[in-house]
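Fold and contact review
One letter stands for each residue in the lines below.
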Amino acid sequence: METQVLKQELKEKIIEFLNLIDTKPEDIKDDQPLFGEGLGLDSIDSIELIVLLDRNYGIKINDPKEGRKVLVDINTMVDYIEKNRTK
Amino acid sequence: MAKVYVTGMGIITALGDTLELNRDGLMQGKCAIGKLDSFPSKYAETLLFGEIKHSNAQLKKMLNVNVKGVSRTSLLALHAFNQAIQDAGISEKELSNSDTSLVIANTVGGMCLTDELYQDANQHNSGSEYIASYDCGSVGVFLQDRFKIRGIVNTINTACSSSANAIMYGARLIKKGYAKRVIVGGTDSLAKFTINGFNSLHILSPGLCAPFDKDRSGLNLGEGAAFLVLEGEDSIVDQKIIAEVKGYANANDAYHPSTLSENGDGPFLAMQQALKQAGLTPGDIDFINTHGTGTENNDEVEGRAMIRLFNKVPAFTSTKSNIGHTLGASGAIEAVYCILNLLHQEIYPSLNFKESITDTRLIPEQSYSKTVINNVMSNSFGFGGNCSSVILSKV
Amino acid sequence: MFYIHQTVCISPQITFPEANLEQLIICNENKLYAKEPSYEGIPTGILRRMGKAVRLGVAAALPLFKLNDQLDGIIIGTANGGMEDCIKFLNQIMQYEEGVLTPTNFVQSTSNAVASQLGFFSKNKGYNITHVHRGLAFENAIIDAEMLLDDNKEHTYLLGGLDEISTYNFNIDYLCGYIKKESITNADLYTGKTEGSIAGEGVSMFVVNNNSKDAISNFRAIQTIHTTDDKELAAVFKKFLAENLSDRETVDLFLTGENGDFRYENVYETLESILKEDTVVARYKHMCGEYQTASSFALWLSGWILQNQNVPMHMLKTSLKKNEIANIVIYSNYQGFQHSFMLLSKV
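This write-up is about the structure you can find in this document. (Residues numbered from 1 in each chain as written. Chains lettered and ligands numbered in written order. Predicted model: local features only at pLDDT ≥ 70, side-chain atom pairs only at ≥ 80, totals over all residues. Heavy atoms only, no water.)

1. Structural notes on the interface of chain B and chain C
- Taken residue by residue, the interface counts 64 residues in chain B and 59 residues in chain C.
- Carbon and sulfur atoms make up 59% of the surface buried where chain B meets chain C, a total of about 5,300 Å² over both sides.
- For Lys176 of chain B, the salt bridge is made with Asp151 of chain C, and the minimal N-O distance between the two is 2.7 Å.
- At the junction of chain B and chain C, the tally comes to 30 residue pairs in polar contact (both at pLDDT 80 or more).
- Here the residues of the side of chain B that touches chain C are counted per class, giving 28 nonpolar, 26 polar and 10 charged. (Contact = heavy atoms within 4.5 Å. Buried area = accessible area lost by both parts, 1.4 Å probe. Salt bridge = Lys/Arg side-chain N within 4 Å of Asp/Glu carboxyl O. Polar contact = N/O pair within 3.5 Å; in protein donor to acceptor, adjacent residues only side chain to side chain. Nonpolar A, V, L, I, M, F, W, Y, C, P; charged D, E, K, R; others polar.)

See the structure below:
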């Protein structure tokens, strides 16, 4: 799958999974931090995103702390998915 | 205001079915946390739990329960309730008098019946025998009906601080004249629901929990029940007085649904206000039964809050290292353990501790000892920032 | 016992932000859903996680927080708060066979999720509790508030009752026989001779303290009992009236939780016969539906009646003869075995 297409897909999935009311895929910039100031996600969201990676891309991350290194922004997530997906 | 006394107790945990067995286990530093024996879960082999080694069928037989629709949560409650009223010598007549109240706590209710609940929630044809037994209120309703309790009956769910709040509510009912005697307690059974819930938050320990240890990595779930009979000073005729409910308080951390704030305002305020309510100073507390779940968040924050409040943090342990975290039952079970401390003037060892948390450097008691204990504090801090502290005193 | 000041009610009727009770909102499918507000006070980042009970509870409390920034605690009664999230999480467990699961449903499923969010929103570190004893969950919250206010004369508390209709709750209630098998309209709730009632939901919040100045109403007494014995219930009711009303006082309005379930009709007749002939009898469950904390709607409604000195026609079981309504007794009955009496009076 092309990177750009994957980025779009990932944004749509994140919005749906985390129930981000009022957010459209075009509102999420590729390098916008997911946590803290950027998209404003929190610790429960980081766990939910790990589940998203598992269910949609077959990627298992067992430690949420390790997960935070991957879940920086769309770019890092897509990069990780491309390298590790099993689905 | 008149004092509130404990005149009877009952308990069932992974350490045993009686007060004696529980005390023996605590004295010996026994760890009753291990693999699940008879619980059908994916995690039976991989995680460790404080399971009570009686099946539901066995419990029903032991307790002479022949009606349908009684959940494990209710069965454990019945066991501890029976013991408590027997210990206090309460007659059937007194039980069903309108001046006897029941205040119970639990978080699981009938949700331990995962498969039945799934069926009943999702299909429209006919219900299982448990159809009216899923909510938290079902346990209190079961006991009220079985014993014909006519006074105020209440169920409280504030997550892990539930039964500490039940003790508080019961004591206050007596002080305000709503009841002469109140049977207070808590119960929770292991459930796929809670196992998977806590697992989804990544706070279950892969091994044995290690409260206040630097390398702690989560909690072990347990199950159990405990009840205490509370009676007001004015009602004491010839009942044996076991301990006094000296003080209590409930405060909220107001920070996050499932994590305590860094400063631990909730825990701090609960402890501080319990002391004030008891008319005691921090220096009067001889021992603390901590909430001490073994999670990264709780133990660090609880430690910090203790340091904030106490010039010198008293001796403390976590009995969750013996039996796991019994959720809605923990406040009541730990209150019973505190009363054992008071009755026998002894401290039981906290288990699985190797090195203290860097920031707080607190060390729990790790060996059994005989010591003077006049006032014990028992802390319970739950999801939703619900923090409660109960102080029990020697009589 | 205490005074009720500001209140908010979000219900299936027009009660929020303004109340218009003359017009009965009709439902035809045995479910009276609350009219959900806009939720504009709740940041979307937090709203996205909330189940219905939680967001209704927060929406109802927010206006009260604006008017009272020094609350001393939050006391909530809810029997099934969070049940929808509970079963959503359960469905996940089954669907993914205890695999990797998302925690939000679990965290939101605990009964104390509402009280906890209210504490969070108001940054209130005071007393915070959730009572869950089914049809007496709200009544226990009231008793708790009474005791707290007796101990703390200068304090003010937020007291509330709420429950939601969730798909799953409804299914379980239906299988228990609590919901009518046939579809009826709420306007006809009391005319049938069948078992069950219609499902309802809502939230009612009250700011309570010991200060009579500017209060809407005076909450004077409460009595709860578990019984299926009509005679025992009647005796408790007589005692309640004798102990709480002076000889010069009358019960002007008897507001009952009659819910159309014909199995419990006798109870209402028995209790109504104890009252004087000029007591007006009215009913409320056709407005809010049946749920465990519906008595919180009744309490809000009673406050409204005392303020407006009016009982909407569709509520009346007997005709309105009274010039003044000063004392209201609310009778709540949940599934024929959990009962409560409350006395609310004009200030």
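2. Comments concerning the pairing of strand β7 (residues 202-209) of chain C
All names here are of chain C.
- Among the 8 residues of β7, 8 are classified as buried, and the element is accordingly described as predominantly covered.
- By the alternation rule, side chains of β7 split into Gly202, Ser204, Phe206 and Val208 and Val203, Met205, Val207 and Asn209, which are all buried.
- By the bridge criterion, 6 bridges tie strand β1 (residues 2-10) to β7 in an arrangement that is antiparallel. Considered in β7, the bridge of Cys9 is made with Ser204.
- Of the pairings in the sheet, the one linking strand β5 (residues 156-163) to β7 comprises 8 bridges and is antiparallel in character. When the sheet's bridge partners are listed, Leu158 is paired in β7 with Val207. (Buried < 20%, exposed > 50% of the residue type's maximum accessible area, 1.4 Å probe, protein only. Helix = DSSP H or I, 4+ residues; strand = E, 2+ residues; numbered from the N terminus. Pairing = 2+ DSSP bridges.)

3. Structural notes on the interface of chain B and chain A
- Each partner contributes to the interface: chain B provides 6 residues, whereas chain A provides 7 residues.
- Counting each side, the surface lost to burial between chain B and chain A is near 480 Å², with a carbon and sulfur contribution of 58%.
- In this structure, Glu296 of chain B and Lys65 of chain A form a salt bridge, with 2.9 Å as the shortest nitrogen-oxygen distance.
- Our count for the chain B to chain A interface comes out at 2 residue pairs in polar contact (both at pLDDT 80 or more).

4. Here's the deal with unusual backbone geometry
Residues and elements named next belong to chain C.
- Residue Pro17 is bonded to the preceding Phe16 through a cis peptide linkage, with omega at 0°.
- Structurally, Pro17 is set in the loop between β1 and β2 (31-32).
- The backbone of Arg134 sits at a positive phi, close to 50°, despite the residue not being glycine.
- Within the secondary structure, Arg134 sits in the loop between β4 (127-131) and α6 (137-151).
- The class for Arg134 is buried, based on a relative accessible area of 7%.

5. Some details on the pairing of strand β3 (residues 100-105) of chain B
Residues and elements named next belong to chain B.
- Among the 6 residues in β3, 6 count as buried, and that is most of the element.
- Alternating positions in β3 separate into two faces, Thr100, Leu102 and Ile104 on one and Ser101, Val103 and Ala105 on the other, with burial throughout.
- Examined bridge by bridge, β3 and strand β5 (residues 181-188) share 6 bridges and lie parallel to one another. Bridged to Val103 within β5 is Val184.

6. Some remarks on the packing of aromatic side chains
- Using the criterion set out here, one finds 22 aromatic pairs over all chains in the structure.
- Centre to centre, the rings of Phe198 of chain B and Phe383 of chain B are 5.6 Å apart; their planes meet at 25°, and the pair counts as stacked. Of this pair, Phe198 of chain B sits in helix α8 (residues 192-200) while Phe383 of chain B sits in the loop between β13 (375-381) and β14 (386-393), and the two are 185 residues apart along the sequence. Phe383 of chain B shares its class with Phe198 of chain B; the two are buried.
- Here Phe237 of chain C and Phe341 of chain C contribute two aromatic rings whose centre-to-centre distance is 4.6 Å and whose plane-to-plane angle is 20°, an arrangement assigned as stacked. Of this pair, Phe237 of chain C sits in helix α8 (residues 230-244) while Phe341 of chain C sits in strand β12 (residues 338-345), and the two are 104 residues apart along the sequence. A single burial state applies to Phe237 of chain C and to Phe341 of chain C, both of which are buried.
- For the cation-ring pair, Arg55 of chain A lies above Tyr96 of chain C, with the distance from its terminal atom to the ring centre recorded as 3.5 Å.
- Over the ring of Phe268 of chain B we find Arg308 of chain B; its NZ or CZ atom is 4.1 Å from the centre of that ring. (Phe/Tyr/Trp six-rings, centres within 6.5 Å; stacked < 30°, edge-to-face > 60°. Lys NZ or Arg CZ within 6 Å of the ring centre and 35° of its normal.)

7. So, the nonpolar core
- Formed by 97 residues in total, the largest nonpolar core has its most connected members in Leu228 of chain B together with Leu159 and Leu301 of chain C.
- The residues contacting Leu159 of chain C, other than those within four sequence positions of it, are Phe2, Ile75, Phe138, Ala141, Ile142, Ala145, Ser204, Met205, Phe206 and Val208 of chain C.
- Counting 45 residues, the second-largest nonpolar core is a separate cluster that includes Ile44 of chain A together with Phe39, Ile131 and Phe193 of chain B. (Core = buried A, V, L, I, M, F, W, Y, C linked by side-chain atoms within 4.5 Å.)

8. Quick notes on the state of the cysteines
- Scanning the model with the defined rule gives 0 disulfides over all chains in all.
- No disulfide involves Cys112 of chain B; its sulfur sits 11 Å from that of Cys136 of chain B, the nearest cysteine.
- Residue classification places Cys112 of chain B among the buried positions, given a relative accessible area of 14%.
- You can see Cys136 of chain B has no disulfide; the closest cysteine sulfur is in Cys86 of chain C, sitting 8.9 Å from it.
- Residue class for Cys136 of chain B comes out buried when judged on its relative accessible area of 7%. (Disulfide = S-S within 2.5 Å.)

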